[in-house]
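Breakdown of the fold
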Amino acid sequence: MIDIHAHILPQIDDGAQTKTMSFQMCEMAAKSGVSDIIATPHMLDLYAGDEFAQKVNARVDFLNRLMEEKGIALRIHKGAEVYASQDILYAPDLKPYTLAGSRYLLFEFDFAQATLHYAKEVASIILSQDLIPVLAHPERYRFTLSDYQNINRLAECGVLFQCNLGSLTGELGKRESVLAREMLNAGAVSFLATDAHRVEFRNTDINGMIEDIKEKKKKVDYTKLKPLLTDNPMKIIRGERVENPSFATLKKKLF
Ligand SMILES: [Fe+2]
């Protein structure tokens, strides 16, 4: 399996705080059946791109060397989770922040403030650079939770969706778990990932989370889980195209 969203790099954001914690997160992922992780530290300041790139490169190289030394079959790739602040409206070059050097850009906004209008504007800027917008955890924003059909509206603009496994287990909240489940069952999700930040809570143990979802019988279509952790993520790493899914109009909202 491949994890396309994880905060495993040490001392760069609110994810792994030490090299030891990074190592533990990587080891846990490998034991869970993960072969590749795209490291996606928060990219908060689009005007500090060079410094960010240097930090990411050094940390990814460090972890890959460590995996080799320890004989752990896990490959770390460069990536970012771009925070779409107003700066993005000035359309800085976003290519340096794509996932594993592909055309796919993982981005997020403020959970409470973002609106459909703003989300569409951001998506159009990403698309204008010949990149493909992948919205991180669409199940966590106020504007999607208050109207599920905003997911359909964003998909119509060419946005792909990456839901968090932790939303499906329920560890990120009940409302988030319901929207993630509705999206998954409808076929609206292109990628699942951990969005791991730690070793304990919000970790890299994908198999553990899948088992947790099954145990809790959360009305999730389990057959959809594994492909979204293997097939589409592999296409990103190989630089291949991921089809834009077509799916039915979601219910307005359940809460
Ligand atoms: Fe994240």
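See the structure shown above.
Just so it is clear, the structure is predicted and the values come from calculations on it, not from any experiment.

In the first shell of the iron ion, the protein supplies His 5 (NE2), His 7 (NE2), Glu 81 (OE) and Asp 195 (OD), at 2.1 to 2.2 Å from the metal. According to the relative accessible area criterion, Glu 81 is buried, its value standing at 0%. Judged by its relative accessible area of 2%, Asp 195 is buried.

This part is about the pattern of salt bridges. Across all of its chains, the model carries 10 salt bridges by this definition. Here Glu 182 makes a salt bridge to Arg 181, at a shortest N to O gap of 3.5 Å. Of the residues examined, Glu 182 reaches a relative accessible area of 16% and is grouped as buried. Its salt-bridge partner being Arg 202, residue Asp 195 comes within 3.0 Å of it at the nearest N-O pair. Per residue, the accessibility class of Asp 195 equals that of Arg 202, and both read buried. Taken together, the shared-partner salt bridges connect Asp 147, Arg 153 and Lys 252 into one network.

Turning our eyes to something else, we now look at the sheet that holds strand E4 (residues 75-78). Taken together, 3 strands build an open sheet; the order of strands is E1-E2-E4 and the sheet is parallel. Of all strands in the sheet, those with a lone pairing partner are strand E1 (2-6) and E4, marking the two edges. Pairwise comparison of adjacent strand axes, ignoring direction, gives a mean angle of 25 degrees for this sheet. Two strands pair when backbone bridges link them, and strand E2 (residues 36-39) and E4 are joined in this way by 4 bridges, in the parallel orientation. Considered in E4, the bridge of Ile 37 is made with Ile 76.

What follows deals with the sheet that holds strand E5 (residues 81-83). Strand pairing in a sheet takes place through backbone hydrogen bonds and is either antiparallel or parallel in direction. Strand order in this open sheet of 6 strands is E3-E5-E6-E7-E8-E9, and the pairing throughout is parallel. One side of each edge strand has no neighbouring strand; the edge strands of this open sheet are strand E3 (42-43) and strand E9 (191-193). As paired strands, strand E7 (residues 132-136) and strand E8 (residues 160-164) are joined by 3 bridges and run parallel to one another. Across the sheet, Val 134 pairs through a bridge with Leu 160, a residue of E8.

Turning our eyes to something else, we now look at the side chain of His 5. Position of His 5 among the secondary structure elements: in strand E1. Judged by its relative accessible area of 0%, His 5 is buried. Setting aside residues up to four positions removed in sequence, His 5 forms contacts with Ile 38, Thr 40, Glu 81, Leu 106, Ala 136, His 137, Gln 162, Asn 164, Ala 193, Thr 194, Asp 195 and Ala 196.

A few words now on helix H7 (residues 174-186). Note: α-helices contain 3.6 residues per turn, so residues at a spacing of three or four share the same orientation. With 13 residues, H7 extends 18 Å from end C-alpha to end C-alpha; this agrees with the ideal 18 Å at 1.5 Å per step. Inspection of H7 places Glu 176, Ser 177, Val 178, Leu 179, Ala 180, Arg 181, Glu 182, Met 183 and Leu 184 among the buried residues, and these make up the whole buried set. Gly 187 occupies a position one or two residues after H7 and carries a positive phi of about 85 degrees.

Ranked by size, the top nonpolar core spans 75 residues in total, and within it Ile 8, Phe 109 and Leu 192 carry the most contacts. Tallying contributions element by element places helix H3 (residues 116-128) first for this core, with 7 residues. Among all residues touching Ile 8, those that are not within four sequence positions of it are Ala 16, Ser 22, Met 25, Cys 26, Ile 37, Ala 39, Leu 63, Ile 76 and Thr 204.

What follows concerns empty space enclosed by the protein. Picture a little ball the size of a water molecule; that probe, rolled over the atoms, points out where space is still empty. Scanning the model with the defined rule gives 1 cavity of 30 Å³ or more in all. Considering only enclosed or pocket space, the largest cavity measures out at about 30 Å³ in volume. Together, Ala 155, Val 159, Leu 160, Phe 161, Ala 188, Ser 190, Asn 244, Pro 245 and Phe 247 line the largest cavity. Here the lining of the largest cavity is built from residues that sort into 7 nonpolar, 2 polar and no charged.

By the definition in use, this model includes 7 aromatic pairs. Aromatic side chains Phe 52 and Tyr 97 sit 6.1 Å apart centroid to centroid with 70 degrees between the ring planes, which places their arrangement in the edge-to-face category. One end of the pair, Phe 52, is in helix H2 (residues 49-70); the other, Tyr 97, is in the loop between E5 and strand E6 (104-108), with 45 residues separating them in the sequence. The pair formed by Phe 52 and Tyr 97 is uniform in burial state, with each residue classed as buried. Through a chain of ring-to-ring contacts, the aromatic side chains of Phe 107, Phe 109, Phe 111, Tyr 118, Tyr 141 and Phe 143 assemble into a single cluster. The lysine or arginine in question, Lys 19, covers the ring of Phe 62, its NZ or CZ lying 4.8 Å from the ring centre.

What counts as what
- Residues numbered from 1 in each chain as written.
- Predicted model: local features only at pLDDT ≥ 70, side-chain atom pairs only at ≥ 80, totals over all residues.
- Heavy atoms only, no water.
- Donors = N, O, S within 2.8 Å, 3.2 Å for Na, K, Ca; no water.
- Buried < 20%, exposed > 50% of the residue type's maximum accessible area, 1.4 Å probe, protein only.
- Salt bridge = Lys/Arg side-chain N within 4 Å of Asp/Glu carboxyl O.
- Pairing = 2+ DSSP bridges.
- Helix = DSSP H or I, 4+ residues; strand = E, 2+ residues; numbered from the N terminus.
- Axes fitted to C-alpha atoms, helices over the stretch in contact; angles between N-to-C directions.
- Contact = heavy atoms within 4.5 Å.
- Expected span 1.5 Å × (residues − 1).
- Core = buried A, V, L, I, M, F, W, Y, C linked by side-chain atoms within 4.5 Å.
- 1 Å grid on protein atoms, 1.4 Å probe; cavity = no way out; pocket = protein on both sides within 12 Å on 5 of 7 lines; lining within 4 Å.
- Points joined across faces, edges and corners; volume = space filled by probe spheres on them.
- Nonpolar A, V, L, I, M, F, W, Y, C, P; charged D, E, K, R; others polar.
- Phe/Tyr/Trp six-rings, centres within 6.5 Å; stacked < 30°, edge-to-face > 60°.
- Lys NZ or Arg CZ within 6 Å of the ring centre and 35° of its normal.

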